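A structural walkthrough
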Amino acid sequence: CYLSAIAGNELNLGTYVVKTKSGYELIRNGKNYYIKGAGGYQYLNQLKDIGGNSIRTWGVDNAQQILDDAHKLGITVCLGLWVGHERHGFNYDDEYAVKGQLESFKKIINEFKCVYGTYGIHPHEAKHYTDITEKIIIDNLNLSKKLIGIGETGFDFYYNHSDQESQKKVFEKH
């Protein structure tokens, strides 16, 4: 599974996705919000100077400092919560390990007032979840009021850690 955390007081002020005639739009504080983002957190001033407005991290080390620095510059943050990967030794058949991982994510999400999470099956791990149901996804979203959406999901046919058919089956459940 995959969890990410979205940080920003703007969620309390109204950040949501709306369907339009041409697709979908992200609305933040009542206005269209086009993400012009970068990965990492070290060059926030430079990002802001070139018109960037959002960052993504691959962990929560120094999260409070990153959140504070980004907030001062009006930059939104997506904190990536690193999950165990089978190819690195994590056992998704171990229900206690999976439950422990989800509990640790809940703890992180609840640690920060302005951090909200998403839940989904990453395409790399899709082969482990071909029997997942919509109910399981919804039940996991209901683990916390701060889990507010489905993600990260989709396709990754470049690395193919899971076969394409498994990725398609899991994506359809999202």
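Structure: see above.
In this report, the structure presented in the accompanying data block is examined. (Residues numbered from 1 in each chain as written. Predicted model: local features only at pLDDT ≥ 70, side-chain atom pairs only at ≥ 80, totals over all residues. Heavy atoms only, no water.)

Sheet topology places strand β2 (residues 15–20) next to strand β3 (residues 23–28); 6 bridges connect them, and they run antiparallel. Counterpart to Lys19 in the pairing with β3 is Tyr24. Connecting the antiparallel pair β2 and β3 is a turn made up of 2 residues. The pairing of β3 with strand β4 (residues 31–32) spans 2 bridges and is antiparallel. Across the sheet, Arg28 pairs through a bridge with Lys31, a residue of β4. Between β3 and β4, which follow one another and run antiparallel, lie 2 residues, and Asn29 among them has a positive phi close to 55°. (Pairing = 2+ DSSP bridges. Helix = DSSP H or I, 4+ residues; strand = E, 2+ residues; numbered from the N terminus.)

Taken residue by residue, helix α3 (residues 63–73) has Ala63, Ile66, Leu67 and Ala70 as its buried positions. Projected down its long axis, α3 shows its buried positions confined to an angular sector of 95°, all on one face. Gly74 occupies a position one or two residues after α3 and carries a positive phi of about 75°. (Buried < 20%, exposed > 50% of the residue type's maximum accessible area, 1.4 Å probe, protein only. Arc of directions from axis to C-beta.)

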